[in-house]
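What follows is the residue order along each chain.
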Amino acid sequence: MLDQNQTPLLDTLKACAERPHAHFYTPGHKRGQGISQKIADVFGKSIFRLDLPELTELDNLFAASGVIQQAQQLAAQAFGAEQTWFLVNGSTCGVEAAILATCGAGDKIILPRNVHSSAIAGLILSGAMPIFINPEYDSVLDIAHSITPDAVAAALEQHPDAKAVMMVYPTYYGVCGDISVIANITHQYNIPLLVDEAHGAHFAFHCELPTPALAAGADLTVQSIHKTLGAFTQASMLHLQGTRIESDRISKALQLVQSTSPSYLLLASLDAARQQMALYGQQFMSHTLQLADEARSRIEQIPGLSVFNLTPPAAPLSFQGEGLGIRSNFLALDKTRLTVTVSGFGLTGFAAEEILDQHFAVTAEFASQKHLTFIISLGNTQQDIEQLVEAFTSLAQMSLPPNSLGLNTALTDFNLPYILWDDFINMGNTVHISPREAFFAKTETLPIQETTGRICAEIVCPYPPGIPVLMPGEAISQPALEYLQTIQTMGGFISGCADKSFRALKVIKM
């Protein structure tokens, strides 16, 4: 057993920053001496002393044999992996590397249609051909969940030559599919299960949280340590176990998608976040779960609101409030993820998000047509929960005629048909050519109304959560366009389009 009290990378970085010497290496600010006074006034100068390059003492991220290797070994033990890699380009590069390490040009990979845009980037980089399976969908709440074991089994039966299966665990709403059964099905074909566990880095540290992906049998998982734990934004990890994926393939793939000038501030924050959770993780997560339970209990008592929940705490899932009694093929819900349905107020999630932010100083993680979703983590306090509950209580008591707060507040303000996620996902979004082929093909830009039936050349998605509605190689359907236009009109943000107004799209030139 390794000593989890250690922080070898952080300690060595501190020692290097404090050693007096003449420095003739990058970065140009020379440990803060040449930094802009304006940025020094914001950050202070001390942090820039730690902004160092790959000095001999600090090891090399791509050929780790010193303190980075030690820090990664400690992380592997803490998170239950056989081998761990630190990521400085976010979970995005980890997902890309996972696909690059397992799939080549023309190879099939089975993955959910509500996968993150980083997976689409991985398909473009690798040349792999996606075999999409639709996640289970709750039409009452308008939330897409996880893929099911039956769907994975059916896809593998039809495509036994697939090289890997990928799943999202948990979803952005905190839903966890039956990962152990999916892993068993996948392994029957002797191929790996890759897991986008970006929002589940905390699972390993409390028994009341869902089972971590590795403990459930996944071969590879990617975690955003910055999303739910205490690392700097963009700091993530990739974990591996078993022999279905060669570790050298992961290392080589990461060299393609990670910076050759990694930030040691990010790397050291991973070392420190691991130590914090290895020593005090259960304590932190107990407090976090207590806050989340309190927020959920109090908010679901507010008239007009409902909370996405587990009742009772046993499989399969059902939901309190709107949609009560719906049963789904899932084993767990991450209780630290709080999704509140605000449509009972006659509000869109986008409008409610703006009201809470501007009038009550409460900022959600993201909004959707009906909901607001909040991440409750080890950094939240009792005061945060009080402020959140008070904001919703005040919102429930407000009289909100249309445009009374200077924005479109009501669902009825839009005079648009309500478009469900399921409306476009099951209506004609067919992959005709590989995302890579489409990405490099000749394109033309057409007005939105002229693109139905054409093959898309862009990754188009509402963000967050960054789940593509259109992607390169896929036929553009009218429901998909209507969905995106509705999201935009309601106040959502559409990313990925060359035309940021979303009046035109790039399509494959015929």
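Note that this is a predicted model, so its numbers are computed, not measured.

About the cut-offs
Residues numbered from 1 in each chain as written. Predicted model: local features only at pLDDT ≥ 70, side-chain atom pairs only at ≥ 80, totals over all residues. Heavy atoms only, no water. Helix = DSSP H or I, 4+ residues; strand = E, 2+ residues; numbered from the N terminus. Buried < 20%, exposed > 50% of the residue type's maximum accessible area, 1.4 Å probe, protein only. Contact = heavy atoms within 4.5 Å. Areas by Shrake-Rupley, 256 points an atom, 1.4 Å probe, with all protein chains shown as cover. Core = buried A, V, L, I, M, F, W, Y, C linked by side-chain atoms within 4.5 Å. Lys, Arg positive; Asp, Glu negative; His and termini not counted. Salt bridge = Lys/Arg side-chain N within 4 Å of Asp/Glu carboxyl O. Axes fitted to C-alpha atoms, helices over the stretch in contact; angles between N-to-C directions. Parallel < 35°, antiparallel > 145°, perpendicular 65-115°, else oblique. Nonpolar A, V, L, I, M, F, W, Y, C, P; charged D, E, K, R; others polar. pLDDT = per-residue confidence, 0-100. Pairing = 2+ DSSP bridges.

## Some points on the overall build of the protein
In step 1: Counting secondary structure elements, the protein contains 16 helices and 19 strands.
In step 2: Looking at the 510 residues of the protein, the share that counts as buried comes to 55%.
In step 3: Contacts in the protein between residues at least 24 apart in sequence constitute 70% of all its contacts with a sequence separation of at least 6.
In step 4: Element-wise, carbon and sulfur atoms account for 51% of the exposed surface of the protein, whose accessible area totals about 20,700 Å².

## Remarks on the nonpolar core
In step 1: If you look at the biggest cluster of nonpolar residues, it comprises 58 residues, and the most contacted ones within it are Phe86, Leu193 and Ile225.
In step 2: Secondary structure elements with two or more residues in this core: α1 (8–18), α4 (67–79), β3 (129–133), α7 (149–158), β6 (164–168), α8 (179–187), β8 (193–196) and α11 (264–299).
In step 3: For this core, the element with the highest residue contribution is α11, accounting for nine residues.
In step 4: Excluding residues within four positions of it along the chain, Phe86 makes contact with Leu9, Leu61, Ala71, Gln72, Ala75, Ser236, Met237, Gln258, Leu267, Leu270 and Asp271.
In step 5: One finds Val340, Val362, Phe502 and Leu505 within the second-largest nonpolar core, a separate group that totals 46 residues.

## As for the side chain of Asp334
In step 1: Residue placement: Asp334 occurs in the loop between β12 (330–333) and β13 (337–341).
In step 2: One buried charged side chain, Asp334, makes no salt bridge at all; its nearest oppositely charged neighbour is Arg337, positioned 4.9 Å away.
In step 3: Dropping the residues within four chain positions of it, Asp334 is found in contact with Gly174, His199, His202, Phe203, Leu209 and Pro210.

## Brief notes about the packing of α1 against α4
In step 1: Two numbers describe how α1 lies on α4: the axes approach to 8 Å, and their chain directions differ by 150°. As the angle between them shows, α1 and α4 are arranged roughly antiparallel. Residues Pro8, Leu9 and Thr12 of α1 lie in contact with α4, whose contacting residues are Val67, Ile68, Gln70, Ala71 and Leu74.
In step 2: Looking at the contact of α1 with α4 residue by residue, the class counts come to six nonpolar, two polar and no charged.

## Some words on the confidence of the model for the protein
Close inspection of predicted coordinates is inappropriate for parts of the model with low pLDDT.
In step 1: Put simply, the protein has an average pLDDT of 90, and 89% of its residues get 70 or more.
In step 2: For the protein, per-element mean pLDDT is lowest for helix α14 (residues 421–425), which scores 56, and highest for strand β10 (residues 236–240), which scores 99.
In step 3: Taken together, the stretch residues 402–418 has pLDDT below 50 and engages in 39 contacts with residues farther than four places along the chain or on a different chain.

## So, the sheet that holds β13
In step 1: On the basis of which strands lie adjacent, the open sheet formed by four strands has the order β11-β13-β15-β14 and antiparallel pairing. The strands lining the two open edges of the sheet, one partner per strand, are β11 (306–307) and β14 (366–367).
In step 2: By the bridge criterion, five bridges tie β13 to strand β15 (residues 371–375) in an arrangement that is antiparallel. Bridging from a neighbouring strand, Thr339 pairs with Thr373 of β15.
In step 3: Relative to the sheet, α11 contacts β11 and β13, its axis offset from that of β13 by approximately 10°.

## A short note on the pairing of β15
Side-chain direction in a regular strand flips from residue to residue, so the side chains alternate between the two faces of the sheet.
In step 1: Counting buried positions over the five residues of β15 gives four, a clear majority of the element.
In step 2: Note: β14 against β15, two bridges, orientation antiparallel. In the sheet register, Ala367 faces β15, and the bridge partner there is Leu372.
In step 3: Hairpin connection between β14 and β15: a loop of three residues separates the two successive antiparallel strands.

## Things to note about the environment of Leu378
In step 1: Checked against the element boundaries, Leu378 lands in the loop between β15 and α13 (382–397).
In step 2: As for Leu378 and Met285, which are separated by 93 residues in sequence, their C-alpha atoms are 6.6 Å apart.
In step 3: Discounting chain neighbours no more than four positions away, the residues touching Leu378 are Thr228, Leu229, Gly230, Gln276, Met277, Phe284, Met285 and Thr288.

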